[in-house]
Amino acid sequence: MKPWQSYLRPSWRKVLSDLIGNRTRTLLVVASIAVGVFAVGMIAGSYYIIPSDMNDSYSSANPANIQIQTRPFDENLIRAVERTRGVSSADGERTVSVRMKTPDGDWVSLSLIARTQPFAERIDLVKPLSGAVEPGKNELILEKRTAEKYSLGPGDVLELKLEDDSIRRMKIAGTAQDLTSGIGGMFNNTKGYISDESIEWLHEPYYFSRLLVRVAEGDNDPAAIQAVADNVKDTLAKDGYEIYQIQKNPTNVHPMESILQAIIQVLLYLGVLIVFLSGSLISNTLTALLNQHLPQIGVMKLVGAQRRQIIRLYLALILSFGLLSLVIAIPLGSWAAYALSDFAAGLINFPLRGFRIVPQAILIQIAIGLFVPLLAGIWPVVRGAGVTVDSAISGGSHMQEAPAQKSLVDQGLGRLRSLSRPLLISVRNTFRRKGRLVLTLLTLTLGGAIFISVFNVQVSLNHKIEQITKYFSADVNLDFNRPYPIHQVTALVRGVDEVVSVEPWAIGQANVLNEKDEVVDSLTLLGPPANSPLVTPIITEGRWIQADDKNALTVNEAFMRKVPGLKVGDTIRLKVGTRKADWTVVGIFQFTGINDLIAYSHYDHLARTLNYTASAAAYRITTLDHSLEGQTRLAQQIDARFRARGYDINSVEAGATITNSVTEYIGVLTAFLVVMALLTASVGSIGMAGTLSMNVMERTREIGVLRAIGAYDTMILRLVLVEGLLIGLISFVLGALLSFPITHVLADVISMAIFSAPAQTAFTLQGFVIWLGVVILLSVGASLIPARNASRMTIREVLAYE
Amino acid sequence: MMFEPTKLPLPVDASTPVAALTALHNPKPLLSLRQVVKVYPTRSGDITALKGIDAEFYRGEFVGIVGKSGAGKSTLTHMISGVDQVTSGEVWFEDTPVHTLSEDQKALWRGRHVGVVYQTFQLMPSLSLLDNILLPMEFCGTYQRGKSEERALELLRAVELEDHAFKKPSAISGGQQQRAAIARALANDPPLIVADEPTGNLDTATAETIFSLFETLAERGTTILIVSHDRSLEDRVSRLLTITDGELSEMRSLR
């Protein structure tokens, strides 16, 4: 006895001895508690860190409360808006699209953002990271991601190719981080900042196209922002400006917050599930521990212990397990929470305030680490402490009460006569402790179901992306700044090798008007040829556009939200260019669920409405090679061909660029889910290892008897392995079945978060096959150690086992 | 070295042989069994292990209960020590109706008044011998740091195990474990010791030591009830009961 132990009462020395006397068991229980506590710590920590740091950085960036896309304007409009009631400040933004030569010699698109306000006072502040805070004339500040991606920094000189193919060399004065970009910033992040003095040097006319406004009062109040937005709309209308797009954001909420919250919410649900699983695992282990300790409980009662004293001792033991798990899980959870937050910060582009302990997360961890084991252990403890001295000491070998009738499972097992004797023993052993089997199956089944579901969710989300690409099937999107004759463009495009088809599209912005002809919203009008193979719409109501349609629209489901009660056959009043007219809704199509209004009309009619005559500003091109590389190559060829002939190109983009970015983003999301799935799987595997060890440990004497009557080592090994495999396979079948509803729920929740629309659930064999392999490996692995131990013990050792 | 039972710490209320003798002649029994019946329901029907046992045991008596395997010996010790509940009948310990006590009340009563010794020792494997002896004192509220440890060491010294006080039961021999179990049974100075086949797992020399220990305890006023299937017990006890098929069929005083 160590000196400090002498200060403990004998009963507490027993608790201590139970804790350190059987290290494997302690490790098993502590690990099963720690997994759950760790998961909750990680998720709860990031749940507090991410939104708080993200919103703080956003608020500190003086973000625009109102952003309006309109036709080109100059500083006069900015001044007019600044004088509008409720406006605190306003600024114009202009994005100059150029291409920059990377250090590897490739030419990539670069957006150069110019503003009128000085950097330190502007709306949508950027956080200076290195070098100059403000770009001088003909200098640029490079955004963090671009600087990191291409390893560029202050002092480097960029070679830029302008719209007219002339070359400019621009010095990087510094780097800065964009704190205000929403989801769009995640996919279009090659950018830099220039002073408005540099616009003309880049061979661009001096104008702005995006208006940024901050409200004077109530910048966190959506109603106050809306009121100011209405005033600004009036100011714009007075000067004849149409609104193409308007966005409103309160200062204290990052535009990405709702998406992120939803994703963390999903992780939180999974964390709770892991806690639940680890709870059932703890209950299993503690039941086994109490069974093993029954003789000791009997002895304690024999020498005078009352039930409450025994309950107190074992609850203290459970609390000690909880405390040990907290020692492991709290630091690991805090670290993982910060790592997860850092990952999210990198993805969304905001700075973290630095590593910190989140007291709320730790309190939750402490509550879970202590409360869940107590909750899981209270029943086994109360039951164990209630056992009579006689049955505890005799291990039930005295004459027992007549048991109730055999269960259905036992009756079924009794009928299994065709199996070989050893196999029969394994099967019966599997079902011997039914309560333990149920809890083990529960953990493994749920772990497996989530594991399989994660793969299915990934496929479902990819389906969603495919759904988006149904509307954007072109391999190359060629957009000009003004319409060009179709025959000219088509001939030039067809001159490029591998081009299969070219389609002219009419694309325009329109305003939605109310009964008084006031602008209430804006929408994007898309006009592909009536039978374009590049659009495969998912029609939910009505029909798709037809060649003989006039003033007919097929609208996206966002209309249903913005115009409640809208149905096929209704009319909407639109202002397209200067023309006001009623348009009939002939169909509703399902898109991603975004809130922006999109409507399709066919090319011929829309082109006429937009005053295009046999010309178009947008062309959609297909090729034989649909890979991103093939598309990019073709885009470069087309770009070169048209630029060489002096066409005013807005952009030439490979079709797969955006979908690839979204897929990458979803890949990141599913990586989070896979981590959670692995955590649940690890709870399951700890559970299985524990159950099998406990089963074998309790049956040590029986194994001795089997060996005494001739069972050889391999047979004993096989008995335990078959038992493990049986548990694994049963859990696999149940998990596979359960994965269907879980996939559905998970995919829906995530899809709603990202696309604001439910997912179309899809399934892949991949998850099922991988989990089957994992389960078999787990079963064999978890059985192997107890099986080897059992087969190695001598008959004398085994029969003497207490 | 041969064990010397005279070194045993004395029971509180029988500090001299005279006191023990007085106790022996006290007409009020320490323990009374009245028409005790124990029935075990089994799948193949009820089995009556005890069929209306009547018996009285007095202070300082050294009683042997012998019988064949399955005769009901162990069941009888369980009824006496309150380890199991009677089906019908009464068990009185002085003025305490043991048969009416709850499990917890019985545990406390047993801890304070009855020391139970089993053939398989039933020591706590995770605790040292010293802790095994301290545990009943703690559970029964008689534990006082320092004093209790002093007494536990005294008991271990009396059973020649002082040097092994901090060892776990698995580190000592069967005979030593049984002596430790007896020391534990004496921890709270109980007036009654019930021993179920206490020498069943021991060699003859060690068994002799254990019997000597019980004799000394009985001489000093502790009532000893030993259950055994070993007829050699007859020569050592003051009274012998024979149990056959759940009935005390023979009862005679040997000394």
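The shown structure was predicted, so the numbers you read here are calculated from the model rather than taken from an experiment.

Student: In this structure, what is going on with the UniProt feature "transmembrane region" (unreviewed entry) in chain A? I would like to understand it.
Tutor: UniProt records the feature "transmembrane region" (unreviewed entry) at residues 27-50, 266-290, 311-337, 357-382, 437-457, 665-694, 715-742 and 762-785 of chain A, using the numbering of this structure. Annotated as 100% helix and 0% strand, the span residues 437-457 of chain A places its first and last C-alpha atoms 29 Å apart.

Student: Can you walk me through the packing of helix H7 (residues 257-292) of chain A against helix H21 (residues 713-755) of chain A in this structure?
Tutor: Two measures define how a pair of helices packs: the angle their axes make with one another and the distance between the axes. Residue and element names in this part refer to chain A. Direction vectors running N to C along H7 and H21 enclose 165 degrees, while the axes themselves pass 8 Å from each other. When the interaxial angle is binned, H7 and H21 end up roughly antiparallel. Crossing hand, H7 versus H21: left-handed. Here Ile259, Ala262 and Val266 of H7 lie close against H21, whose contacting residues are Leu746, Val749, Ile750 and Ala753. Here the residues of the contact of H7 with H21 are counted per class, giving seven nonpolar, no polar and no charged.

Student: Just to check I follow, could you spell out the sheet that holds strand S4 (residues 88-93) of chain B for this structure?
Tutor: Two strands in a sheet stick together by hydrogen bonds in their backbones, pointing the same way (parallel) or opposite ways (antiparallel). All names here are of chain B. An order of S2-S1-S4-S5 is seen for the four strands of this open sheet, with the pairing classed as antiparallel. Here the strands that pair on one side only, and so sit at the sheet edges, are strand S2 (45-57) and strand S5 (96-97). Of the strand pairs in this sheet, strand S1 (residues 31-42) and S4 are connected by five bridges, and their pairing is antiparallel. Along S4, the bridge assignment pairs Arg34 with Glu90. Across the sheet, helix H2 (residues 73-81) lies against S1, S2 and S4, angled at about 120 degrees from S1, the strand it touches most.

Student: Any chance you could explain the pattern of salt bridges here in plain terms?
Tutor: Think of it this way: side chains of opposite charge can pair up when their charged atoms draw near. All names here are of chain A. Taken as a whole and assessed by the stated rule, the structure comprises 34 salt bridges over all chains. Across the salt bridge formed by Asp53 and Arg356, the nearest N and O atoms sit 2.5 Å from each other. Here the residue Asp53 occupies a position in helix H2 (residues 23-60), and Arg356 occupies one in the loop between helix H9 (307-348) and helix H10 (359-385), the gap between them amounting to 303 residues. Members of the salt-bridge network, linked through shared partners, are Asp91, Glu93, Arg115, Asp124 and Arg210.

Student: Honestly, the interface of chain A and chain B in this entry has me stumped. Any pointers?
Tutor: Where interface size is given, it is often the accessible area lost as the parts come together that is meant. The interface of chain A with chain B comprises 34 residues on the first partner and 34 residues on the second. When chain A packs against chain B, the two sides together hide about 3,200 Å² of surface, and 60% of this comes from carbon and sulfur. Here chain A is connected to chain B by two salt bridges. Taking the shortest distance from any N to any O, the salt bridge between Arg13(A) and Asp131(B) comes out at 2.4 Å. Here chain A is connected to chain B by seven residue pairs in polar contact (both at pLDDT 80 or more). Mapped onto the side of chain A that touches chain B, the elements with two or more residues apiece are helix H1 (10-21), helix H8 (294-302), H9 and helix H11 (389-394) of chain A. When residues of the side of chain A that touches chain B are assigned to their parent elements, the largest contribution, six residues, is made by H1(A).

Student: Help me out: how do you make sense of the side chain of Ser89(A) in this one?
Tutor: Residues and elements named next belong to chain A. Counting through the fold element by element, Ser89 comes out in strand S2 (residues 87-101). With relative accessibility at 14%, the residue Ser89 sits in the buried group. With residues up to four places along the chain from it excluded, the contact list for Ser89 reads Glu82, Gln117, Ile123, Leu212, Val213 and Arg214.

Student: Whenever I open this one, helix H7 (residues 204-219) of chain B confuses me. Can you help?
Tutor: Two residues of an α-helix separated by three or four positions point the same way, owing to the 3.6 residues in each turn. All names here are of chain B. With 16 residues, H7 should reach 22 Å at 1.5 Å per residue; the first-to-last C-alpha distance of 22 Å fits that figure. Regarding H7, the residues found buried are Thr206, Ala207, Thr209, Ile210, Phe211, Ser212, Leu213, Phe214, Thr216, Leu217 and Ala218. Tucked inside the fold, the buried residues of H7 contact strand S3 (62-66), helix H6 (174-185), strand S7 (192-196) and strand S8 (223-228). Where H7 starts, the residue carrying a side-chain oxygen 3.1 Å from the main-chain nitrogen of Ala205 turns out to be Asp203. Gly221, located one to two residues past H7, shows a positive phi value of around 110 degrees.

Student: Help me understand the confidence of the model for chain B, please; the structure alone is not making it clear to me.
Tutor: Residues and elements named next belong to chain B. Confidence in the prediction of chain B, expressed as mean pLDDT, is 84, and 87% of residues score 70 or more. No element of chain B has a lower mean pLDDT than helix H1 (residues 17-24), at 48, and none a higher one than S4, at 95. This stretch, residues 10-20, has a pLDDT under 50; its non-local contacts, to residues over four places away or in other chains, come to 16 contacts.

Student: How do you make sense of the packing of H9(A) against H10(A) when you look at a structure like this?
Tutor: Residues and elements named next belong to chain A. H10 packs onto H9 with a crossing angle of 150 degrees between their chain directions and a minimal axis gap of 8 Å. On the basis of their axis angle, the class for H9 and H10 is roughly antiparallel. Between H9 and H10 the crossing geometry is right-handed. Split into classes, the residues belonging to the contact of H9 with H10 amount to 19 nonpolar, six polar and one charged.

Student: Please clarify how unusual backbone geometry should be interpreted in this entry.
Tutor: Generally, phi is negative for residues other than glycine and the peptide bonds are trans, each holding for most cases. Residue and element names in this part refer to chain A. Backbone geometry places Asn551, a non-glycine residue, at a positive phi of 45 degrees. Within the secondary structure, Asn551 sits in the loop between strand S14 (538-542) and strand S15 (552-556). Despite not being glycine, Asn611 has its phi angle at roughly 65 degrees, a positive value. Structurally, Asn611 is set in the loop between helix H17 (603-609) and strand S19 (615-623).

Reading the values: the criteria
- Residues numbered from 1 in each chain as written.
- Chains lettered and ligands numbered in written order.
- Predicted model: local features only at pLDDT ≥ 70, side-chain atom pairs only at ≥ 80, totals over all residues.
- Heavy atoms only, no water.
- UniProt positions renumbered as here; feature names shortened; annotations may be inferred.
- Helix = DSSP H or I, 4+ residues; strand = E, 2+ residues; numbered from the N terminus.
- Axes fitted to C-alpha atoms, helices over the stretch in contact; angles between N-to-C directions.
- Parallel < 35°, antiparallel > 145°, perpendicular 65-115°, else oblique.
- Left-handed = near helix turned anticlockwise from the far one by under 90°.
- Contact = heavy atoms within 4.5 Å.
- Nonpolar A, V, L, I, M, F, W, Y, C, P; charged D, E, K, R; others polar.
- Pairing = 2+ DSSP bridges.
- Salt bridge = Lys/Arg side-chain N within 4 Å of Asp/Glu carboxyl O.
- Buried area = accessible area lost by both parts, 1.4 Å probe.
- Polar contact = N/O pair within 3.5 Å; in protein donor to acceptor, adjacent residues only side chain to side chain.
- Buried < 20%, exposed > 50% of the residue type's maximum accessible area, 1.4 Å probe, protein only.
- Expected span 1.5 Å × (residues − 1).
- pLDDT = per-residue confidence, 0-100.

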